[in-house]
Amino acid sequence: MKHRRTSRFLAIVLLVAMTLSLMPTTLAFAEESSTWTQTTLDQITADDTVAITITANGTTYVLPTAAVTSGAPAAPVVTQDGTTLTLGSAADYGWTIEPQADGTYTITGPNGGINLINNNKGVRINGTSAAWTFDASVARFQTADTSGNQRYLSVAVQLDTPDWRSYKTDSTYSVGSTTLWKLSDSGETPEPTDPPEPTEPPVVTITRIEDVLAAESGEFTVKGVVTLVDGKNIYVQDETGGICLFFASAPTDIALGDTLIGSGTRAAYKGLPELSGATYEKSEGLTLEPKTTTLDAITSADICTYVHIEKLTVTSVDGNNTYVKDDNDNSFLLYKPVADPALAVDDVINFTGAVGIFNTTLQLRNTNA
């Protein structure tokens, strides 16, 4: 009775062992794992680490990087979660796929490239990679054997223990589709790094506008209140004078009365003093207050500054050029006037705006009616 029980126990153990030997290998990662994200061949560079899988009949197999000089590379089963895959280390499953000048690719791992054995279905991982192309119609890599036959990099899914082979294009065993996975992280927590030392903001030197006007060249920064907005031209003034900030493109968020810190290169255009190539930032602290004056009192020192003049009579209107005079018959050009309603000859106005210049002719400019 004792011998019969022992024999039955041994038979059960042998049956379980045989059953397990016929099941495909499934990877389990107890110690180290990495996250891989699904990608496509055109998104891969030679700097990327890539895992290669074949999915056939609902099962996904991965290609390990272990060196193979005889037999065939193993095809462990893995489970993907949508567009991510969890594998072991890059050293075990990471390949470099590098495009060549002739349009082919080399597939190389830490133990050598993927190549064929003459004219049979064998695949080896050693030495130099074969010249692979990718057949998008069947989603598999292929290369030519020594007889010129095209062979697909595939998994022998018909075996009890599947492995990687290179079947001819007309083989019924060349099934499944290839998916590429780019290494997303190493699965390791990076060492904490000390935060960078705080840096002091650069010190900006504000120059008085009268000192910029006295200079013939140089880079300057001024602080002023806006006296005119005209496309790329923004007039500003401080308590010492006015200047035009000339921009490469017209700012869209600057209004009359804004306080700006503007920087640029000292220049001039047709007599108009400028800081060209201007940049700016909004600031505060200045108020736009016009200086009350008369036509005969305006000089080049008033260019780009804000003035107020009472009782001017319109003498002519011709497009952008409107002329006005005072009671003493002093005449002045009001260029591109802003008025509502539009000005007409013999209108009497009180003007508030900036002083401009074109060549040697001073002019009045306004933004608001």
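Residues numbered from 1 in each chain as written. Predicted model: local features only at pLDDT ≥ 70, side-chain atom pairs only at ≥ 80, totals over all residues. Heavy atoms only, no water.

(A) Quick look at the pattern of salt bridges. This structure, assessed with the given rule, holds 10 salt bridges. The partner of R151 in a salt bridge is D145, and the shortest N-O contact between them spans 2.8 Å. Across the pair, exposure class does not vary: R151 and D145 are buried alike. Close ionic contact of D302 with K291 constitutes a salt bridge, the shortest N to O distance being 2.6 Å. Remark: K291 occurs in strand β21 (residues 291–292) and D302 occurs in the loop between β21 and β22 (306–318); sequence separation between them is 11 residues. Judged by its relative accessible area of 7%, D302 falls in the buried class. Each of R208, E210 and D211 takes part in a single network of salt bridges with overlapping partners. (Salt bridge = Lys/Arg side-chain N within 4 Å of Asp/Glu carboxyl O. Buried < 20%, exposed > 50% of the residue type's maximum accessible area, 1.4 Å probe, protein only. Helix = DSSP H or I, 4+ residues; strand = E, 2+ residues; numbered from the N terminus.)

(B) Inspection of unusual backbone geometry at higher detail. Look at the link from D340 to P341: it is a cis peptide, with omega at 5 degrees. If you trace the backbone, P341 turns up in the loop between β24 (331–335) and β25 (348–358). Positive phi values are uncommon outside glycine, yet D346 reaches one of about 80 degrees. Within the secondary structure, D346 sits in the loop between β24 and β25. One non-glycine residue, N359, adopts positive backbone phi at about 60 degrees. Tracing the backbone through its elements, the reader meets N359 in the loop between β25 and β26 (361–365).

(C) Broad picture of the pairing of strand β6 (residues 84–87). The two faces of β6 differ: L85 and L87 on one face are buried, but T84 and T86 on the other face are not. Of the pairings in the sheet, the one linking strand β1 (residues 34–39) to β6 comprises four bridges and is antiparallel in character. Its bridge partner being in β6, T35 is matched across the sheet by T86. Linkage of strand β5 (residues 80–81) to β6, two consecutive antiparallel strands, is achieved through a turn of two residues, within which G82 is found at a positive phi near 65 degrees. (Pairing = 2+ DSSP bridges.)

(D) Representation of the pairing of β22. Relative to β22, β21 runs parallel, the two sharing two bridges. Paired with K291 across the two strands is V307, which belongs to β22. Inspection of the sheet shows β22 paired to β25 by six bridges, in the antiparallel sense. Along β25, the bridge assignment pairs T313 with V348. Pairing geometry for β22 and strand β23 (residues 321–325), over five bridges, is antiparallel. The residue of β23 that forms the bridge with D318 is N321. The turn linking β22 back onto β23 is made up of two residues, and G319 within it adopts a positive phi angle of 65 degrees.

(E) Quick peek at the confidence of the model for the chain. Summing up the model confidence of the chain, the mean pLDDT is 87 and the portion of residues at 70 or higher is 89%. In this model, residues 186–190 is a region of pLDDT below 50 whose contacts with residues beyond four sequence positions or in other chains number five contacts. (pLDDT = per-residue confidence, 0-100. Contact = heavy atoms within 4.5 Å.)

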